[in-house]
4 protein chains.
Amino acid sequence: MTELTIPSRKLTHDGVRRLIDAAVDKANELGVPVGIAIAGDGARIVGYLLMDGARPLAQESASAKAMTAASHRMPTHKIPYDVGMGLSVTTQGKVIPLRGGLPIVIDGHCVGGIGCGSGTGEEDEVIARAALAAIGAENPEA
Amino acid sequence: MTELTIPSRKLTHDGVRRLIDAAVDKANELGVPVGIAIAGDGARIVGYLLMDGARPLAQESASAKAMTAASHRMPTHKIPYDVGMGLSVTTQGKVIPLRGGLPIVIDGHCVGGIGCGSGTGEEDEVIARAALAAIGAENPEA
Amino acid sequence: MTELTIPSRKLTHDGVRRLIDAAVDKANELGVPVGIAIAGDGARIVGYLLMDGARPLAQESASAKAMTAASHRMPTHKIPYDVGMGLSVTTQGKVIPLRGGLPIVIDGHCVGGIGCGSGTGEEDEVIARAALAAIGAENPEA
Amino acid sequence: MTELTIPSRKLTHDGVRRLIDAAVDKANELGVPVGIAIAGDGARIVGYLLMDGARPLAQESASAKAMTAASHRMPTHKIPYDVGMGLSVTTQGKVIPLRGGLPIVIDGHCVGGIGCGSGTGEEDEVIARAALAAIGAENPEA
């Protein structure tokens, strides 16, 4: 007989705050203020913080990176640009093929994505990666 | 120490197909063709079928009812109209306070929502309720 | 004398379910979970299923591929990328020039389109093509 | 001579985190999980957290309440419903005339808005008010 439901894992709001706090610490260390977004179930945004001095429109880019990494379960910069831009228009910007988004994988479960925006793509990625390391999440492929 | 993740349950695609098939059976019995939408994690659409003869734009109303029931975890018609219309504009139509959407609760877990559209609100609700009963999901409050 | 109406053929909801079921079977055989969308008359979505493990945002890409194939009556990857992206912006993402969408042609009538998303473009196309073959629809040009 | 610029005050990201943390504490005390959004300069979202168990679509309602309170510099429920719904359609949902959003006024400067969603309007307001009190912001008119 077919199963109606299957077990899953969800990121807690405490986990979200710890990711955001760790990203802020790394961003402060680098002197690069960013917007930090976290996506959870169904690639919906569950957390966000815009740091002092970061670009106000980083909300949308960081959120898109978080949703993209959560849905694709891979770093955003691994998506080929042409494919990613096609998906971006179709999803009205929810998918973005730009560097700075990483999947959140804890104990083997992908429970969402983190996206940073306002730095260079490389800075955004370094900050996102540091946040994952701080909570003991898996380090995604480079 | 705070938990980073918590256990959850997800609706399977076999569960989705069984809900849709059961809704079709009830709709055929009533002679009321409808659009049937299922929302899952994060109130995202995971299944849809438009029956022969149903209104083509039912996709959007049925999907909104499914997302609303999944997010609010209550029947869509329990949302006061004025509040619901405010939420509807703000969510660009993802929330709708019209009858025909019910939460999907299995073994005590709300795993999504089902929404029907194209009949009267009462017919839509009867069909959604029959689909839930057919898979052994909880019968939501009237 | 001019005719006011002309005969047409429409895909039934049973046809939609058979296409989706056949796509699921092929996707399971390949071990590549996808979102599967079917567009019918007027390039409107008439069916959708997100498989367990597929990307949640595949709803939008699979639907766009299905609508594109139904409207253009050709495989989505035959649309030149630059033209397709122009159409994509204009149609707010309803047209997408990415691989994975095929027209549904039965007895010489194009009655819609099928679109798959979440795999690579090539995987998405193989699954869509298998679904068409399973119901005896025409095999679109490669 | 006319001045080209005037002094202003901005909410810091530390202020944002303290507001969110205080809202979480009050929501936990009440047993009412909510989404909490903070808007800053230009009525742009600068912080967000969705609590475990809150409605996923609360992101959009809480954010709209925060933007509305920040822009109007008054509690969201003081906006007449009919006027508010007109503004809501025009702003594509950024303004919402539903209870649960309050301006953030510190040392006489309105520096943004806080919006809560997922509870009843009254619960959302109580939680937002508690967050303002916790950081020593002004208590907006009832």
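Not measured: the values here are computed from a predicted model. (Residues numbered from 1 in each chain as written. Chains lettered and ligands numbered in written order. Predicted model: local features only at pLDDT ≥ 70, side-chain atom pairs only at ≥ 80, totals over all residues. Heavy atoms only, no water.)

**Structural notes on the confidence of the model for chain A**
Taken over all residues, the pLDDT of chain A has a mean of 97, while the share at 70 or more is 99%. In the predicted complex, the global pTM is 0.97; the interface-specific ipTM is 0.96. (pLDDT = per-residue confidence, 0-100.)

**Some remarks on the pairing of strand β1 (residues 35-39) of chain D**
Residue and element names in this part refer to chain D. With 5 of 5 residues buried, β1 is to be regarded as a mostly interior element. What you see with β1 is no split at all: G35, A37 and A39 on one side and I36 and I38 on the other are buried throughout. Bridge analysis of β1 against strand β2 (residues 45-50) gives 5 bridges, and the strand direction is antiparallel. The residue bridging G35 from the neighbouring strand is L50, located in β2. In sequence, β1 turns back onto β2 through a hairpin of 5 residues, with G42 there showing a positive phi of about 70 degrees. One ladder, built from 5 bridges, connects β1 with strand β4 (residues 109-117); its direction is antiparallel. Each bridged residue has a counterpart across the sheet, and for G35 the counterpart in β4 is G117. (Buried < 20%, exposed > 50% of the residue type's maximum accessible area, 1.4 Å probe, protein only. Helix = DSSP H or I, 4+ residues; strand = E, 2+ residues; numbered from the N terminus. Pairing = 2+ DSSP bridges.)

**As for unusual backbone geometry**
Residue Q92 of chain B is not a glycine yet carries a positive backbone phi of 50 degrees. By relative accessible area, Q92 of chain B is classed as exposed at 60%.

**A closer look at the arrangement of the chains**
Across the 5 pairs of chains in contact, the largest number of contacts is found between chains A and B. No interface is formed between chain C and chain D, the nearest pair of C-alpha atoms being 14 Å apart. (Contact = heavy atoms within 4.5 Å.)

**A word on the relation of the copies chain A and chain C**
For these two chains of identical sequence, chain A goes onto chain C by a turn of 88 degrees and a shift of 0.2 Å along the axis, with RMSD 0.1 Å. Such a combination of rotation and displacement between the chain copies is what one expects of a four-fold axis. Scanning chain A for the C-alpha nearest the rotation axis identifies V89 of chain A, at a separation of 4.5 Å. (Least-squares fit on C-alpha atoms with pLDDT ≥ 70 in both.)

**Regarding the state of the cysteines**
Per the counting criterion, the structure on display carries 0 disulfides over all chains. C110 of chain B takes part in no disulfide bond, and the closest cysteine sulfur, belonging to C116 of chain B, lies 16 Å away. (Disulfide = S-S within 2.5 Å.)

**Considering the pattern of salt bridges**
Tallied over the full model, the rule gives 38 salt bridges over all chains. Residue E122 of chain C is joined to R99 of chain C by a salt bridge in which the shortest nitrogen-to-oxygen separation is 3.7 Å. Residue E122 of chain C is found in helix α4 (residues 121-134), and its partner R99 of chain C is found in the loop between α3 (81-90) and β3 (101-106); the two are separated by 23 residues along the sequence. For R99 of chain C, a relative accessible area of 30% gives the class partly exposed. R17 of chain D serves as the salt-bridge partner of D14 of chain D, at 2.8 Å between the closest nitrogen and oxygen. Here D14 of chain D and its partner R17 of chain D are both found in helix α1 (residues 13-30), 3 residues apart, which amounts to about one turn of the helix. By relative accessible area, which is 41% here, D14 of chain D ends up partly exposed. (Salt bridge = Lys/Arg side-chain N within 4 Å of Asp/Glu carboxyl O.)

**Points about the packing of helix α3 (residues 81-90) of chain A against α3 of chain C**
Running from amino to carboxyl end, α3 of chain A crosses α3 of chain C at an angle of 20 degrees, the nearest separation of the two axes being 9 Å. As summarised for this structure, α3 of chain A and α3 of chain C are arranged roughly parallel, according to the angle between their axes. Of the two elements, α3 of chain A crosses α3 of chain C, and the hand of that crossing is left-handed. Note on element contacts: α3 of chain C touches α3 of chain A through Y81, M85, S88 and V89 of chain C, opposite Y81, D82, M85, G86, V89 and T90 of chain A. Looking at the contact of α3 of chain A with α3 of chain C residue by residue, the classes come out as 6 nonpolar, 3 polar and 1 charged. (Axes fitted to C-alpha atoms, helices over the stretch in contact; angles between N-to-C directions. Parallel < 35°, antiparallel > 145°, perpendicular 65-115°, else oblique. Left-handed = near helix turned anticlockwise from the far one by under 90°. Nonpolar A, V, L, I, M, F, W, Y, C, P; charged D, E, K, R; others polar.)

**Some thoughts on the interface of chain B and chain A**
Every contact between the two is made by 24 residues of chain B and, on the other side, 24 residues of chain A. Three residues, L4, T5 and R44 of chain B, lead the burial of chain B against chain A; their summed loss comes to 30% of the area buried on that side. Joining chain B to chain A, the criterion identifies 0 salt bridges. Our count for the contact surface shared by chain B and chain A stands at 15 residue pairs in polar contact (both at pLDDT 80 or more). For the side of chain B that touches chain A, the elements supplying multiple residues, two or more each, are β1 (5-11) and α1 (13-30) of chain B. (Buried area = accessible area lost by both parts, 1.4 Å probe. Polar contact = N/O pair within 3.5 Å; in protein donor to acceptor, adjacent residues only side chain to side chain.)

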